[in-house]
Amino acid sequence: MAVRIAGIGTSLPPDVLTNHDLAQMMDTNDEWIRERAGITSRHIGGLTSEMGIEAGNNALKSADLTPDDIDLLVLSTSSPDQRFPGTSAQIHAGIGLDCGAFDVNAACAGFAYGYVAAYGMMMLPGGPTRVLNVGSDALSTLVDWDDRGTAILFGDGAGACVMERHEQGELLAFDLGADGNLAPILYCEHGDTIKMAGREVFKRAVRAVTASIKSALKQAGLTPDDIDVVLLHQANLRIIEAVCARTSIPMSKTHNVIETTGNTSTATIPLAMEQAALNGVLEPGKVVVMSGFGAGMTWATLVVRW
Ligand code: UT7
């Protein structure tokens, strides 16, 4: 028994904040942000539940399914609408699902963590046949607009995929990791804004993602040459370039959206996945590597045969 991705959907709020807009608000400029992060603009003004509902509905549409076809909802987010209930409950109601639903918080690695959790449940006797795996974050609501170290980086967005038991598609390997000792380099207290030691996160992220991809490829018995498509967490284009250089994966295999979305946390991998689908590279049999990292620190890599 295997699992394929039967449909992909995304959501970005309509309001766009450009680097030029940011330069009016703080001491920064378009050239610096593009060179240091690879970002030109980002969408803001989203609500985690609303974006999750739209992305989920779009994924159902792309899979040609109805809410009744879904047996489980997994939402990854670190910006829930409320402390409780989980925002998965709001998305559940908004889409009109009739199944179990729960939240995962693994920050920017959430979507990949959610994928592995869902996959494991699908393997259980009587487990779900189809899971809606949604990643949605509205980090613009948590940004300190006086802090140029974070405000230039984050945006809002959501992405979702329908995971379906099918003979086509396979999870060849995965690698999940965390180091709670690194919580102080990226965190957000209740009622406060995001605090980030950017340079330190950058360094740790490159190391963690490189090691995680190498470990997952080893488990799968694959080499970088076997990989067709790479979907990396869209935190900073320079991190993507550094990881590619260290894993000997050509940048041409990556599919990126960061330029116009910024860092949308757990939503970046499904947003990049939709971009890869639009680019026509997600064909059955292709080997796709997805890897995310974020606060915790957490990191997660999936090696999937499409
Ligand atoms: O998804 C969650 C994980 N988060 C991340 O992955 C973020 C990882 N970190 C980063 O992406 C980068 O560290 C940033 C984009 C946040 C910052 O880039 P950096 O190249 O690490 O810059 P820096 O903090 O080392 O600062 C370099 C210089 C400094 O000036 P001096 O001391 O060299 O004169 C900063 O004051 O750039 C200055 N600077 C800025 N200048 C214009 C820092 N931020 C800005 C800014 N605009 N926004």
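Residues numbered from 1 in each chain as written. Predicted model: local features only at pLDDT ≥ 70, side-chain atom pairs only at ≥ 80, totals over all residues. Heavy atoms only, no water.

Caption draft 1: Fine view of the sheet that holds strand S4 (residues 72-76). Ordered in space as S1-S7-S6-S4-S5, the five strands form an open sheet in which the pairing is mixed. On the outer flanks of this sheet lie strand S1 (2-11) and strand S5 (100-104), each paired with one strand and no other. Between one strand axis and the next, the sheet turns through 20 degrees on average, direction left out of account. Bridge count for S1 against strand S7 (residues 156-166) is nine bridges, and the pairing is antiparallel. Within S7, the residue paired with isoleucine 8 across the bridge is cysteine 161. Helix-sheet contacts for helix H3 (residues 48-63) involve S1, strand S6 (130-138) and S7, and the interaxial angle to S1 is about 130 degrees. (Pairing = 2+ DSSP bridges. Helix = DSSP H or I, 4+ residues; strand = E, 2+ residues; numbered from the N terminus. Axes fitted to C-alpha atoms, helices over the stretch in contact; angles between N-to-C directions. Contact = heavy atoms within 4.5 Å.)

Caption draft 2: Highlighting the packing of helix H7 (residues 198-220) against helix H8 (residues 237-247). Packing of H7 against H8 leaves a shortest axis separation of 9 Å and a crossing angle of 40 degrees. On the basis of the axis angle, H7 is oblique to H8. Between H7 and H8 lies a crossing whose hand is right-handed. Residues Phe202, Ala205, Val206, Val209, Thr210, Ile213 and Lys214 of H7 lie in contact with H8, whose contacting residues are Arg238, Ile239, Ala242, Val243, Arg246 and Thr247. When its residues are assigned to classes, the contact of H7 with H8 shows eight nonpolar, two polar and three charged. (Parallel < 35°, antiparallel > 145°, perpendicular 65-115°, else oblique. Left-handed = near helix turned anticlockwise from the far one by under 90°. Nonpolar A, V, L, I, M, F, W, Y, C, P; charged D, E, K, R; others polar.)

Caption draft 3: Layout of the site of the ligand. In the neighbourhood of the ligand, 22 residues make up the surrounding shell, with Thr28, Arg199, His233, Asn236 and Asn263 lying closest. In the environment of the ligand, an oxygen atom lies 2.9 Å from a nitrogen or oxygen atom belonging to the side chain of arginine 238. Here an oxygen atom of the ligand and a side-chain polar atom of asparagine 263 are 2.7 Å apart. Contact with the protein chains covers 74% of the free accessible surface of the ligand, which is 950 Å². (Near = heavy atom within 4 Å. Polar contact = N/O pair within 3.5 Å; in protein donor to acceptor, adjacent residues only side chain to side chain. Areas by Shrake-Rupley, 256 points an atom, 1.4 Å probe, with all protein chains shown as cover.)

Caption draft 4: Just helix H10 (residues 268-278), in detail. Taken together, the buried positions of H10 are occupied by Thr268, Ile269, Pro270, Leu271, Ala272, Met273 and Ala276. Contact partners of the buried residues in H10: S1, helix H5 (110-122), S7, strand S11 (229-232), helix H9 (258-261) and strand S12 (287-294). Within two residues after H10, glycine 280 carries a phi angle of roughly 80 degrees, on the positive side. (Buried < 20%, exposed > 50% of the residue type's maximum accessible area, 1.4 Å probe, protein only.)

Caption draft 5: Just the packing of H3 against helix H4 (residues 87-95), in detail. Between H3 and H4, whose axes approach to 9 Å, the crossing angle comes to 50 degrees. As far as their axial angle goes, H4 and H3 are oblique. Relative to H4, the crossing made by H3 is right-handed. Of the residues in H4, those touching H3 at Thr48, Ser49, Gly52, Ile53, Gly56, Asn57 and Leu60 are Thr87, Gln90, Ile91, Gly94 and Ile95. In terms of residue class, the contact of H3 with H4 is built from four nonpolar, eight polar and no charged.

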